[in-house]
Amino acid sequence: EELKKAHVALTTSADFRSVSPEAGAMSHEGFADCASATLSTDVPSGEVDDDNTLPASLHDQAQKYETVLPPADQLKVRVAVIGAGPSGLSALWAFKDAQNPVENVEIVCFEKSDSIGGHWSFDPSIPHSSQMHTCMYKDLWSNGPKEAGSEFLDYSYLEHFGKSIPSYPPRAAIADYLKGRAKKYDLTDNIRCKTEVTSVTWDDSARRFELCTKNWETGVLTREDFHFVIVANGHFTVPHVPKFAGIETFPGEVLHSKDFRDARRFAGKRVLAIGGSLSAEDIALQCHKFGATSVTITNRHPMGYRWPAGISEVPLLTRVSAHTVHFLDGTQEDVDVIVLCTGYEYSFPFLPAELQTNAKNTLVIEDLYKGIFFIERPELMYLGMQNQVYTFIMFDLQAMLARLAVSNKFVVPTKQHMVEDIDVWIQKQDKLDAVKDWHALQTEYLKELNSLVMLGDDKNILCLQMFDQAEDDKVKDILQFRNGSFASILNGEQGVNPPAPWLQSTEELPLQEYLESLGSVDCTSDEPPLDSVLVTFPAKEHDLAEVSTQACPQPLPPAPVAAILAPPDHVTSAETDPPDVLAQSSQSSSRKGKAKGKARGKK
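First, a word on what this report is: a plain description of the structure on this page. Here the structure is a predicted model, which means the values were calculated and not measured. (Residues numbered from 1 in each chain as written. Predicted model: local features only at pLDDT ≥ 70, side-chain atom pairs only at ≥ 80, totals over all residues. Heavy atoms only, no water.)

Next up on the list: the overall build of the protein chain. If you tally the helices and strands in the protein chain, you get 13 helices and 22 strands. Out of the 603 residues belonging to the protein chain, those deemed buried represent 58%. Approximately 23,800 Å² of the protein chain is accessible, and the part contributed by carbon and sulfur atoms is 50%. (Helix = DSSP H or I, 4+ residues; strand = E, 2+ residues; numbered from the N terminus. Buried < 20%, exposed > 50% of the residue type's maximum accessible area, 1.4 Å probe, protein only. Areas by Shrake-Rupley, 256 points an atom, 1.4 Å probe, with all protein chains shown as cover.)

The structure is reproduced here in structure tokens:
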């Protein structure tokens, strides 16, 4: 009734922007309906509304606005989702739940590419990362079991494929799984592909957001109003590229891991991988598998794995002199290729600074209540911004809580209460030590989310033991862990053998051929686990301590990431911490031993 009253007032007002009923954050009371306005660039020149808030670049093209208001009986609250990757698809799923639909809510998802699935949608024909937003590459298999936090409660892998598949599937299988769920619930009906959100602004008087978009196929520019915005654009898009002293003298190839497409290209070459997390780990293994002469991983702290002959791990890179690279312990070697596995910048170019989260690659984000609601403007929500142990199931839980907030079934508290709640979680994060502690803390986070949204039984959501076992398998033998098998916590279905053991799988099969070959090979290795010792740096601990002190001065917040990558006199500064850097900072700076610098997200 309040919405209808507001609509009547709005439609009878000479200036609809003058209608500004009082509305509390995250409350529907007094919301006026949003007006959809399309920019027309082919109409005769005319006056432009004085109150439009388009960026200057689009303002020049805006000749006229045509305001469209729906009838009062069709009044709806509008929700915009930015990005149709896994977290954006979870948002659509939550609002389109067929068993419990949300009434009087219209949800629209904007995706700038021509397909859904985010970085799982990989096109190997596109050579360079500037033309795509994915960080995938050929021959990539999941680095964690699909049964651990990556299986939807309402749509199992068994339902999608009609048969068991391996616990560590290739990227094509996971992309197909995501698209299958989207098809089951008709999620694409609400997605506008090839449409980039160019700006988002908050109109405080109207209590709504204004979104400007551009369709890259038609060139049409559009401005629309929404009551809520869900940011789900991910954080594996904009590479973090540090600069080391002398790297400009390197005569070989320097590339970021986002531009890594095929390890076969580096056969017979000496590769240096700069990084201390998942990208460095997997790219080193890929290069080793496809014939690199040698692979050297350089970072601040050992990863804690037993590497095969041909892969070595050394302390931090300090400088480059032609083909020779120098490390913090005084050693040096010659290399042909440098791969910067140094992570990504969180990037929200469509948001003004006052609406951007200060997210780092941590489990707890200092300005997102429950990891979702932006404390300065709770109508703005973020999904999947954490360092990810769990993935798809976490996105579903976050999306369900966002749905409850939009439908007024979850009340976001005052800012003071939100900050106090976040501080409790930050204190827990500060006590983390080993990798398994990270597993445990995010498991606790999901348990809390599930207590709020009641998505399902905890036993079908939480899989801490599985994460810990997968980590133990990797520590035992990093070449064979992907041949392991886990059972689904939803239906008990056991993962089958891949068509060939990971190390012998040197040809990326088309998905259908891959599926037809499943279970035909025994992946149990007769070879004993790697007998190489765990890497420890005979480092100058005093020097490392100095680097750590300069990189993360007390008190927090952290120093620029470049200071983490190398001592200040060896590297130029960057503005923000990337997710996949050599050592994590912010609240995670207290991690010790093997856990230091090791992000546990899934590719």
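Hydrogen bonds along the backbone pair up the strands of a sheet, which may run parallel or antiparallel. The strand order across the open sheet formed by 3 strands is β15-β16-β17, and the pairing between neighbours is antiparallel. Of all strands in the sheet, those bounded by a partner on one side alone are β15 (317–321) and β17 (332–334). Between one strand axis and the next, the sheet turns through 20 degrees on average, direction left out of account. With 4 bridges joining them, β15 and strand β16 (residues 324–327) adopt antiparallel strand pairing. Counterpart to S321 in the pairing with β16 is T324. (Pairing = 2+ DSSP bridges. Axes fitted to C-alpha atoms, helices over the stretch in contact; angles between N-to-C directions.)

Attention now goes to helix α5 (residues 171–184). The first and last C-alpha atoms of α5 sit 20 Å apart over 14 residues, in line with the 20 Å expected at 1.5 Å per residue. If you check which residues of α5 are buried, you get R171, A173, I174, A175, Y177, L178, G180, R181 and A182. Contacts from the buried residues of α5 go to α3 (86–95), α4 (157–161), α7 (392–406) and α11 (511–516). Phi for D186, located one or two positions after α5, is positive at around 55 degrees. (Expected span 1.5 Å × (residues − 1). Contact = heavy atoms within 4.5 Å.)

Time to look at the side chain of E151. One can find E151 in the loop between β4 (105–111) and α4. One buried charged residue, E151, forms no salt bridge at all, with the nearest opposite charge on K146 at 6.4 Å. Separated by 3.1 Å, the side chain of E151 and the backbone nitrogen of Y157 make a polar contact. Within the structure, E151 has its side chain in polar contact with the side chain of S488 (distance 2.9 Å). Residue contacts for E151: discarding those within four places in its chain leaves K146, S156, Y157, Y177, I393, S488 and L490. (Lys, Arg positive; Asp, Glu negative; His and termini not counted. Salt bridge = Lys/Arg side-chain N within 4 Å of Asp/Glu carboxyl O. Polar contact = N/O pair within 3.5 Å; in protein donor to acceptor, adjacent residues only side chain to side chain.)

A word on the packing of aromatic side chains. Applying the stated criterion across every chain yields a total of 19 aromatic pairs. Ring centres of F374 and Y382 lie 6.3 Å apart, and the angle between their planes is 65 degrees; this geometry places the pair in the edge-to-face category. The same class applies to F374 and to Y382, which are both buried. With centroids separated by 6.5 Å and ring planes inclined at 50 degrees, the aromatic side chains of F392 and F395 adopt a geometry described as tilted. You can see F392 and its partner F395 sitting in helix α7, 3 residues apart, about one turn around the helix. The same class applies to F392 as to F395, namely buried. (Phe/Tyr/Trp six-rings, centres within 6.5 Å; stacked < 30°, edge-to-face > 60°.)

Right, let's get into the environment of E471. Positionally, E471 belongs in helix α10 (residues 464–476). Its relative accessible area of 5% is what places E471 among the buried residues.

To continue, consider the nonpolar core. With 113 residues, the main nonpolar core has I230, F373, Y390, F392 and L446 as its most contacted residues. L446 has contacts with Y390, I393, M394, L397, I461 and L462, leaving out every residue within four places of it along the chain. Among the nonpolar cores identified, the runner-up in size contains 24 residues, and I82, V229, F350 and A359 belong to it. (Core = buried A, V, L, I, M, F, W, Y, C linked by side-chain atoms within 4.5 Å.)

What the 5 strands build is an open sheet, ordered β11-β18-β12-β13-β14; its pairing is parallel. Edge positions in the sheet fall to β11 (253–256) and β14 (311–314), since each of these pairs with one other strand and no more. Averaged over all pairs of adjacent strands, the angle between their axes in this sheet comes to 20 degrees, without regard to strand direction. Two elements, strand β12 (residues 270–274) and strand β18 (residues 337–340), share 4 bridges in a ladder whose sense is parallel. Bridge pairing in β18 places A273 opposite V339. Its contacts with the sheet place helix α6 (residues 278–289) against β12, β13 (294–298), β14 and β18, and it is angled at close to 170 degrees to β13.

Take the pairing of strand β8 (residues 221–226) next. Summarising burial for β8: 6 of the 6 residues are buried, a large majority. Every second residue of β8 is oriented toward a common face, with L221, R223 and D225 on one face and T222, E224 and F226 on the other, all of them buried. Connecting strand β7 (residues 208–215) to the next strand, β8, in antiparallel fashion are 5 residues, including G219 with a positive phi near 80 degrees.

A word on the packing of α3 against α7. Look at α3 against α7: their axes get within 8 Å of each other, and the N-to-C directions meet at 45 degrees. Taken together, α3 and α7 sit at an angle that is classed as oblique. Along this stretch, α3 crosses α7, giving a crossing that reads as right-handed. The residues of α7 that touch α3, namely those facing P86, S87, S90, A91, W93, A94 and F95, are F392, F395, D396, A399, M400, A402, R403 and V406. A per-class count over the contact of α3 with α7 returns 11 nonpolar, 2 polar and 2 charged. (Parallel < 35°, antiparallel > 145°, perpendicular 65-115°, else oblique. Left-handed = near helix turned anticlockwise from the far one by under 90°. Nonpolar A, V, L, I, M, F, W, Y, C, P; charged D, E, K, R; others polar.)

Even without being glycine, D139 reaches a positive phi, approximately 70 degrees. Note that D139 resides in the loop between β4 and α4. D139 gets classed as buried once you look at its relative accessible area, which sits at 4%.

Shape descriptors only; they carry no functional weight alone.
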